[in-house]
Amino acid sequence: IYVGDLKIGSTPFILIRELPEYVDMPFTQLPNYLELDEFQDGRGLNPLLQNYWMVIHPPTLFLGFASVLIPFAMAIAGLWYRKYTEWIKPGIPWIFFAVAVLGVGILMGGAWAYEALSFGGFWAWDPVENAVLVPWLTTVAAAHLMLIYQARKTNLKTTYGLVFLSFILILYSTFLTRSGVLGDSSVHSFVDLGLNGQLLLYLFFFIALSLGLFLFRYKQLPKNKDEDQVWTREFMMFLGALVMTISSFQVTFSTSIPVLNKLGIFGEIAPPIDPISHYNQWQVPFAIVVTLLMGLGQFLRYKKDGFGRVMRAIGLSAL
């Protein structure tokens with residue numbers, strides 16, 4: 001469908017010779033080119049794609065992506081029907097299912113990179129890797145905020161925001177990988193399939209739906225019953241979720257440099273020369289902070305705790 005110059009969708013019945021990039025190729029002028037020997041005997045899949053992890057990890061990632069739709073839909077329904085908190089409890093198993101499956105899919109992709117690619121390891125901060133990692137980070141953060149609300153009845157608005165953000169980032173990562181915008185900066189050689197208009201329309205629709213409904217119901221959302229206590233398990237979980245969200249913004253910004261350059265909003269931004277050192281110098285401190293918060297949280301109680309008791313519990317170990 002064409003709306004002005006905007007193309008929405010792509011026909012699955014288009015022939016290779018009708019694709020724009022092949023229109024002027026010599027073989028397209030031959031009516032029987034498919035009968036030529038050169039086209040009869042293909043070379044098969046690229047050897048990099050014949051690894052078994054490559055067979056397993058894309059559908060696993062897809063399942064992880066798709067399962068985030070369930071808590072997102074529950075949150076939308078909660079706002080729509082004014083049942084602002086009832087969706088939290090049934091949504092917790094679903095969002096942790098998404099965290100687990102998406103995390104396993106990322107690990108499988110790392111195993112594929114370790115065995116088949118020239119990364120020199122299992123992670124190289126490739127743009128498509130980053131596009132998968134970022135929704136996982138925010139989904140982990142959202143899942144922990146849902147746990148906090150279940151235990152403490154706090155941070156409901158932030159919980160809504162992170163659940164919505166996780167699904168929107170999944171749509172954005174789909175746009176990054178399937179639009180071809182990362183074709184020059186990623187070893188994942190996805191090409192432009194003519195779906196840019198459709199992907200952007202899909203992305204902006206869900207941004208408008210979730211943000212509009214959230215703002216429309218914002219004043220009606222229940223407020224915290226009690227003031228937040230600093231030395232509690234839920235506050236440390238909240239800080240950890242906040243740190244993971246901030247780290248995801250850094251990864252998103254650096255990964256989106258090709259998009260920003262095409263839009264021309266900030267002029268021409270030079271991508272990092274050494275992506276691994278660029279991301280590591282940002283993400284290692286985030287990882288250390290999250291790890292410390294995870295360790296400290298084990299010694300804290302829900303709802304109310306004291307600095308003195310916590311210090312007595314961890315003082316000797318800390319020393």
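Starting afresh in each chain, residues are numbered from 1 along the sequence in its written order. Local features in a predicted model are, by the rule used here, given only for residues with pLDDT of at least 70; side-chain atom pairs are given and counted only at 80 or more, and totals for whole chains, interfaces and linings are based on all residues. With hydrogens and water excluded, all non-hydrogen atoms of the structure serve as input to the side-chain values.

A. Quick look at the overall build of the chain. Scanning the chain from terminus to terminus reveals eleven helices and two strands. In this description a helix means any DSSP run of H or I spanning at least four residues, a strand means any run of E spanning at least two, and both kinds are numbered starting from the N terminus. Each helix and strand of the chain, ordered N terminal to C terminal, gives the series β-β-α-α-α-α-α-α-α-α-α-α-α. C-alpha extents for the chain along the principal axes are approximately 80 × 50 × 40 Å. The cut-offs for exposure are 20% and 50% of the maximum accessible area for each residue type, with area from a 1.4 Å probe on protein chains only; residues under the lower value are buried, those over the upper are exposed, and the others partly exposed. Split into buried and exposed, the 319 residues of the chain put 41% on the buried side.

B. Geometry of the nonpolar core. L79, Y160, F164 and L176 are the most contacted members of the largest nonpolar core, which totals 61 residues. When contributions to this core are tallied by element, the ones reaching two or more residues are helix 2 (52-67), helix 3 (69-80), helix 4 (88-116), helix 5 (127-152), helix 6 (156-178), helix 7 (196-217), helix 8 (233-255) and helix 10 (275-297). Counting residues per element, this core draws most heavily on helix 5, at 14 residues. The criterion used for residue contact is that any of the two residues' heavy atoms lie within 4.5 Å. Setting aside residues up to four positions removed in sequence, L176 forms contacts with A131, V181, L182, T255 and V259. Counting six residues, the second largest nonpolar core, distinct from the first, contains M236, L293, L296 and I314. The set of buried Ala, Val, Leu, Ile, Met, Phe, Trp, Tyr and Cys residues whose side-chain atoms join them within 4.5 Å is what this entry labels a nonpolar core.

C. Region of interest: the pattern of salt bridges. Basic side-chain nitrogens of Lys or Arg form a salt bridge, by our definition, when they fall within 4 Å of a carboxyl oxygen of Asp or Glu. Per the counting criterion, the structure on display carries one salt bridge. Among the ionic pairs, R152 bridges to E234, the shortest N-O distance being 2.5 Å. Residue R152 is found in helix 5, and its partner E234 is found in helix 8; the two are separated by 82 residues along the sequence. The pair R152 / E234 is uniform in exposure class, with both members buried.

D. Representation of the packing of helix 8 against helix 10. An axis is simply a line fitted to the C-alpha atoms; with a helix, the fit covers only the stretch in contact. Between two such axes, the angle follows the N-to-C directions and lies from 0 to 180 degrees. Close contact between helix 8 and helix 10 brings their axes to 9 Å; oriented N to C, the two are set at 170°. Here helix 10 runs roughly antiparallel to helix 8, going by the angle between their axes. The residues of helix 10 that touch helix 8, namely those facing R233, M236, L239, G240, V243, M244, I246, S247, Q250, V251, S254 and T255, are H278, Y279, W282, Q283, F286, V289, V290, L293, L296 and G297. Polar here means any residue other than Ala, Val, Leu, Ile, Met, Phe, Trp, Tyr, Cys and Pro, which are nonpolar, and Asp, Glu, Lys and Arg, which are charged; Gly is therefore polar. The class makeup of the residues in the contact of helix 8 with helix 10 is 13 nonpolar, eight polar and one charged. By the definition adopted for this analysis, an angle is roughly parallel if under 35 degrees, roughly antiparallel if over 145, roughly perpendicular if from 65 to 115, and oblique otherwise.

E. Highlighting the packing of helix 2 against helix 4. Their axes nearest at 8 Å, the elements helix 2 and helix 4 cross at an angle of 155°. The angle between helix 2 and helix 4 places the two elements in the roughly antiparallel class. Between helix 2 and helix 4 lies a crossing of left-handed hand. Residue-level inspection shows Y52, W53, M54, I56, H57, T60, L61, L63, G64, F65 and S67 of helix 2 in contact with helix 4, the latter providing F97, A98, V101, L102, G105, I106, M108, G109, A111, W112 and E115. Handedness of a crossing is defined here by the sense of rotation of the near helix relative to the far one, left-handed for an anticlockwise turn of less than a right angle and right-handed for a clockwise turn.

F. The arrangement of unusual backbone geometry in detail. A positive phi angle, near 60°, is found at R82, a position not held by glycine. Considering the arrangement of structural elements, one finds R82 in the loop between helix 3 and helix 4.

G. Inspection of helix 10 at higher detail. Each helix should span, by expectation, one fewer than its residue count multiplied by 1.5 Å. With 23 residues, helix 10 ought to run about 33 Å at 1.5 Å a step, and its terminal C-alpha atoms sit 32 Å apart, in line with that. Given a residue, its bend is the angle between the two axes fitted to the seven residues that end at it and to the seven that start from it. If you look at helix 10, its biggest bend is around 35°, right at Q281, and the proline P285 turns up within four residues after that. Taken residue by residue, helix 10 has H278, Y279, Q283, F286, V290, L293, L296 and G297 as its buried positions. On its buried side, helix 10 packs onto helix 5, helix 8 and helix 11 (307-318).

H. Spatial organisation of a nonpolar patch on the surface. On the surface, F253, L263, I265 and F266 cluster together into a nonpolar patch covering about 460 Å² of accessible area. Among the structural elements, I265 can be located in the loop between helix 9 (257-263) and helix 10. For I265, a relative accessible area of 55% gives the class exposed. Nonpolar side chains (Val, Leu, Ile, Met, Phe, Trp, Tyr) are joined into patches within 5 Å and like charges within 9 Å, using only residues with over 30% relative accessible area and no salt bridge. Exposure was quantified through the Shrake-Rupley algorithm and a 1.4 Å probe, taking into account, for residues, occlusion by the shown protein chains and nothing else.

I. Expanded view of the packing of aromatic side chains. Between the rings of Phe, Tyr and Trp (Trp by its six-membered ring), a pair exists once the centres lie within 6.5 Å; its type follows the angle of the planes, with under 30 degrees stacked, over 60 edge-to-face, and the other angles tilted. Using the criterion set out here, one finds 16 aromatic pairs in the structure. Centroid distance Y202 to F206: 5.0 Å. Interplanar angle 75°. Geometry classified as edge-to-face. In this pair, Y202 and F206 are both assigned in helix 7, four residues apart and thus about one turn of the helix distant. For Y202, a relative accessible area of 44% corresponds to the partly exposed category. Classification of F206 as buried rests on a relative accessible area of 13%. Aromatic side chains F214 and Y218 sit 5.6 Å apart centroid to centroid with 75° between the ring planes, which places their arrangement in the edge-to-face category. Through pairs of rings, three or more aromatic residues link up here, namely F72, W87, Y160, F164, F167, Y202, F205, F206, F214 and Y218. For the cation-ring pair, K157 lies above Y218, with the distance from its terminal atom to the ring centre recorded as 4.1 Å. Charge-over-ring placement is defined geometrically: NZ (Lys) or CZ (Arg) within 6 Å of the ring centre, and within 35 degrees of the ring normal.

Function-wise, these values are silent; they only describe arrangement.
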